[in-house]
Amino acid sequence: MEEVDHLAPERSTAQFDVEAMKVVWAGSKHALSVSDRMARLVASDPEFRKDNRVTMGRKELFKNTLRKAGHAWKRINELRLTEEEASKLRFFIDQPAYTDLHWGMFVPAIRGQGTDEQHEKWLPLAYKMQIIGCYAQTELGHGSNVQGLETTATYDRNSDEFIIHSPTLTSSKWWPGGLGKVSTHGIVYARLIVDNEEHGIHGFIVQLRSLEDHSPLPGITIGDIGMKFGNAAYNTMDNGVLRFDHVRIPRDQMLMRVLQVTREGKVVQSDVPRQLIYGTMVFVRQTIVIDASNALSRAVTIAVRYSAVRRQFGSKNGGPESQVIDYKTQQSRLFPLLASAYAFRFVGEWLKWLYQDVTQRLQANDFSTLAEAHACTAGLKSVTTSVAADGIEECRKLCGGHGYLCNSGLPELFASYVPACTYEGDNVVLLLQVARFLVKTVSQLGSGNKPVGVTAYMGHVEHLMQCKCGVQKAEDWLKPEVILEVFEARATRLAVACARQIGSAANPEDGDFCFFAPILFS
């Protein structure tokens, strides 16, 4: 049968420079070149095939993950790939694996929270993958509420060691990727206790398995938590459970960049501001926003191509039926998702700048933008992951019955992506944190402190509360300043309305609001 390129007519009508758009999407010509080379490398290597993945059982899936991860590491070393190239290679392999947590959480945690001495000791081992790490924070009983973690790290002055212990069932570490089968080490978050006094939650580098035979070390109970949602998808990842029974580690394995415990048992704040750990949070959430763009763009690409090829109804005089993409109902559901994928990519690039800016400010002991950075990353993580997850499902429905088939790629994509709505902060909880930030900003408007950064527009609250949309014709919506004012007015009015309700409540969360409310709303 002769092959026909059904998409060629659609592509020929593009009214923009496709090559230029590729650069815009990638971020730069260099980034596009790296992506293109790594994509071709993965696509041309049969070891990285994935078309048979959804038919595999759990054990076979995990063996497949181990084989791919091993082959990827071999190619990275053979080709002497840079860190950027290696990261893109793993991205195009497109299979959740323990390496994601090793490079994405374990290594950055040591970089961000470890001392120079700890960097020298642990990072070379991690870079060479002589040790494989995970990030053990979430527990069976606590996820979003980090301050509620129950695992303890008690300092023993006599032996110069910390005793890591799981005092309750709910203190079991639960969910860390890479923990179930592979990780030899973990960044374990626990309550620091010195002389019966608690000093908050801190990270500790803990060896979990023997480097000789990979068996769990004494006092450590460890295992895989079982099957997750969907075919293949996240079942390639060995999410695990971990319990400690008075496990001893050397004192110097506490991450001590911010807080130190001396040999004598004194708890000492270092010269490095504690707030510096927020830089790691911004980095992780920026990555999540970019991931949302990647996931949504894949789903939209599948749905757009399907809609261009699929024909239904509208045949005239025996001619071809109408392309599904030409129906307004299809466009109204599909095109906003396409726009969202681009928007998420651009805001992800902005978050890269925010991460660099926050890091530089923190190093200079400037904490003025921390609240804003937290609100932005919390809100964007929540919005982008929710829209992406819902968007993937909408794309499945836009492909009709064909979208329900595993070979469409959409069911597995959905199943592997939806955990993003939960990890690194439950989306509803994060939105509540953003709301609190906005209400607090509103409550301070009457104090003379002008809002800065992303909420600077609230400084024009009187205008925004009263202004009317000046749009006269459809073309006016193409003016960025018009769209911005509409969003600013809407956001201001919603925030003020929320603040007014809280202020009239019997126990408003923000006491300052009661003081400023008469000034603001008089």
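Note that the structure is a prediction, hence the values are computed from the model and not measured.

Enquirer: Sorry if this is basic, but what is going on with the overall build of the chain here?
Expert: Assigned secondary structure in the chain consists of 15 helices and 11 strands. Over its C-alpha trace the chain gives a radius of gyration of 26 Å, about what one expects of a compact globule, namely 24 Å for 522 residues. Once the C-alpha set of the chain is aligned to its principal axes, its extents read approximately 90 × 70 × 40 Å. Out of the 522 residues belonging to the chain, those deemed buried represent 44%. Within the chain, counting contacts between residues at least 6 apart in sequence, those at least 24 apart form 68% of the total. Carbon and sulfur atoms form 55% of the exposed surface of the chain, whose accessible area is close to 27400 Å². Charged side chains of the chain number 57 positive and 58 negative; the gap between the two group centres comes to 3 Å.

Enquirer: Help me understand the sheet that holds strand S7 (residues 220-224) in this model?
Expert: Whether parallel or antiparallel, the strands of a sheet pair through hydrogen bonds between backbone atoms. Strand order across the open sheet formed by three strands is S4-S8-S7, with antiparallel pairing between neighbours. For this open sheet the edge positions go to strand S4 (173-174) and S7, each flanked by a neighbour on one side alone. As judged from the two bridges shared by S4 and strand S8 (residues 240-244), these two strands associate in the antiparallel manner. Bridge pairing in S8 places Lys 173 opposite Leu 242.

Enquirer: I'm lost on the environment of Ser 293 in this one. Help?
Expert: One can find Ser 293 in helix H8 (residues 277-309). Along the sequence, Ser 293 and Ile 502 sit 209 residues apart, while their C-alpha atoms lie 35 Å from each other. Here Ser 293 is in contact with Trp 25, Ala 341, Phe 344 and Arg 345, once residues within four sequence places are set aside.

Enquirer: Looking at this structure, I do not really get the pairing of strand S5 (residues 185-194). What am I missing?
Expert: Regular strands show a simple pattern: their side chains alternate between the two faces of the sheet. Within S5, 10 of the 10 residues are buried, which leaves it mostly tucked inside the rest of the structure. As paired elements, strand S1 (residues 133-136) and S5 share four bridges and run parallel to each other. Within S5, the residue paired with Ala 136 across the bridge is Val 188. Direction of pairing for S5 relative to strand S6 (residues 197-207): antiparallel, over a ladder of nine bridges. Bridge pairing in S6 links Val 194 to Glu 197. Connecting S5 to the next strand, S6, in antiparallel fashion are two residues, including Asp 195 with a positive phi near 55°.

Enquirer: Which parts of the structure should I look at to understand helix H9 (residues 328-363)?
Expert: Residues spaced three or four apart along an α-helix point in a common direction, a consequence of the helix completing one turn every 3.6 residues. Across its 36 residues, H9 extends 52 Å between first and last C-alpha, which sits within 8% of the 52 Å expected from 1.5 Å per residue. Residue Asn 365 follows H9 closely and has a positive phi angle near 60°.

Enquirer: Whenever I open this one, the packing of helix H10 (residues 370-398) against helix H11 (residues 410-417) confuses me. Can you help?
Expert: Angle between the axes and distance between the axes: these two values describe a pair of packed helices. Running from N to C, H10 and H11 point in directions that differ by 160°, and their axes come no closer than 9 Å. As judged from the angle between their axes, H10 and H11 are roughly antiparallel. Note that H10 runs across H11; the crossing there is left-handed. Between H10 and H11, the contacting residues are Thr 384, Thr 385, Ala 388, Ala 389, Ile 392, Glu 393, Cys 395 and Arg 396 on the first element and Leu 410, Leu 413, Phe 414 and Tyr 417 on the second. The class makeup of the residues in the contact of H10 with H11 is eight nonpolar, two polar and two charged.

Enquirer: Can you walk me through the packing of helix H3 (residues 29-43) against helix H5 (residues 83-93) in this structure?
Expert: At a minimum axis distance of 9 Å, the contact between H3 and H5 shows a crossing angle of 50°. With respect to H5, the element H3 is oriented oblique. As for the relative orientation of H3 and H5, their crossing is right-handed in sense. Across the interface between the two elements, His 30, Ala 31, Val 34, Ser 35, Arg 37, Met 38, Ala 39, Leu 41 and Val 42 from H3 touch Glu 84, Glu 85, Lys 88, Leu 89, Phe 92 and Ile 93 from H5.

Enquirer: Mind showing me how you'd approach unusual backbone geometry here?
Expert: Peptide bonds are mostly trans, and most non-glycine residues show a negative phi. Positive phi outside glycine occurs at Asp 94, with the angle close to 60°. If you trace the backbone, Asp 94 turns up in the loop between H5 and helix H6 (98-113). In this structure Asp 94 comes out as buried when scored by relative accessible area, which is 16%. Although it is not a glycine, His 246 adopts a positive phi angle of roughly 50°.

Enquirer: Help me out: how do you make sense of the nonpolar core in this one?
Expert: Ranked by internal contacts, the top residues of the largest apolar core, which has 28 residues, are Phe 106, Ile 110, Ile 187 and Tyr 189. If you list the elements that add at least two residues to this core, you get helix H4 (58-78), H6, helix H7 (116-127), S5, S6 and H8. Element by element, the count of residues in this core is highest for H6, at eight residues. Residues contacting Ile 110, with those up to four places away along its chain left out, are Gln 118, His 119, Trp 122, Leu 123, Ile 187, Ile 205 and Leu 255. Grouped together as the second largest cluster of nonpolar side chains are 24 residues, Ile 164, Leu 179, Ala 190 and Phe 204 included.

Enquirer: Before we go on, may I ask you to explain the environment of Lys 128 in this structure?
Expert: With respect to the secondary-structure elements, Lys 128 resides in the loop between H7 and S1. Lys 128 sits 51 residues away from Asn 77 along the chain, and the two C-alpha atoms are 9.8 Å apart.

Enquirer: Help me understand a nonpolar patch on the surface in this model?
Expert: Side chains of Trp 477, Ile 483, Val 486 and Phe 487 sit close together on the surface and give an oily, nonpolar patch of about 360 Å² of accessible area. Examined against the element boundaries, Ile 483 turns out to sit in helix H14 (residues 480-503).

Enquirer: Sorry, what's going on with the packing of aromatic side chains here?
Expert: Think of a pair of aromatic rings as described by two things: how far the centres are apart, and how the planes are tilted against each other in angle. For the structure on display, the rule yields 11 aromatic pairs. Ring centres of Trp 103 and Tyr 127 lie 6.4 Å apart, and the angle between their planes is 10°; this geometry places the pair in the stacked category. Of this pair, Trp 103 sits in helix H6 while Tyr 127 is found in helix H7, placing the two residues 24 residues apart along the sequence. With relative accessibility at 33%, the residue Tyr 127 sits in the partly exposed group. Ring centres of Phe 283 and Tyr 355 lie 5.5 Å apart, and the angle between their planes is 50°; this geometry places the pair in the tilted category.

Enquirer: Is there a simple way to explain the side chain of Thr 377 in this structure?
Expert: By the secondary structure assignment, Thr 377 is in helix H10. Here His 374 takes part through its backbone oxygen, which lies 3.1 Å from a polar atom of the side chain of Thr 377. Leave out the neighbours within four places in its chain, and Thr 377 touches Met 281, Val 282, Arg 285, Leu 351 and Leu 354.

Enquirer: Sorry if this is basic, but what is going on with H10 here?
Expert: For H10, built from 29 residues, the straight-helix expectation of 42 Å at 1.5 Å per residue is met to within 8% by its first-to-last C-alpha distance of 41 Å. Of all the 29 residues making up H10, 21 are buried; the element is thus mostly covered by neighbouring parts of the structure. Trailing H10 by a residue or two, Gly 400 shows a phi angle of about 60°, which is positive.

What counts and what doesn't
Residues numbered from 1 in each chain as written. Predicted model: local features only at pLDDT ≥ 70, side-chain atom pairs only at ≥ 80, totals over all residues. Heavy atoms only, no water. Helix = DSSP H or I, 4+ residues; strand = E, 2+ residues; numbered from the N terminus. Rg over C-alpha atoms; globule rule 2.2 N^0.38 Å. Buried < 20%, exposed > 50% of the residue type's maximum accessible area, 1.4 Å probe, protein only. Contact = heavy atoms within 4.5 Å. Areas by Shrake-Rupley, 256 points an atom, 1.4 Å probe, with all protein chains shown as cover. Lys, Arg positive; Asp, Glu negative; His and termini not counted. Charge placed at Lys NZ, Arg CZ, Asp CG, Glu CD. Pairing = 2+ DSSP bridges. Expected span 1.5 Å × (residues − 1). Axes fitted to C-alpha atoms, helices over the stretch in contact; angles between N-to-C directions. Parallel < 35°, antiparallel > 145°, perpendicular 65-115°, else oblique. Left-handed = near helix turned anticlockwise from the far one by under 90°. Nonpolar A, V, L, I, M, F, W, Y, C, P; charged D, E, K, R; others polar. Core = buried A, V, L, I, M, F, W, Y, C linked by side-chain atoms within 4.5 Å. Patch = residues over 30% accessible without salt bridge, like charges linked within 9 Å, V, L, I, M, F, W, Y side chains within 5 Å. Salt bridge = Lys/Arg side-chain N within 4 Å of Asp/Glu carboxyl O. Phe/Tyr/Trp six-rings, centres within 6.5 Å; stacked < 30°, edge-to-face > 60°. Polar contact = N/O pair within 3.5 Å; in protein donor to acceptor, adjacent residues only side chain to side chain.

Any functional reading would require information that these geometric values do not contain.
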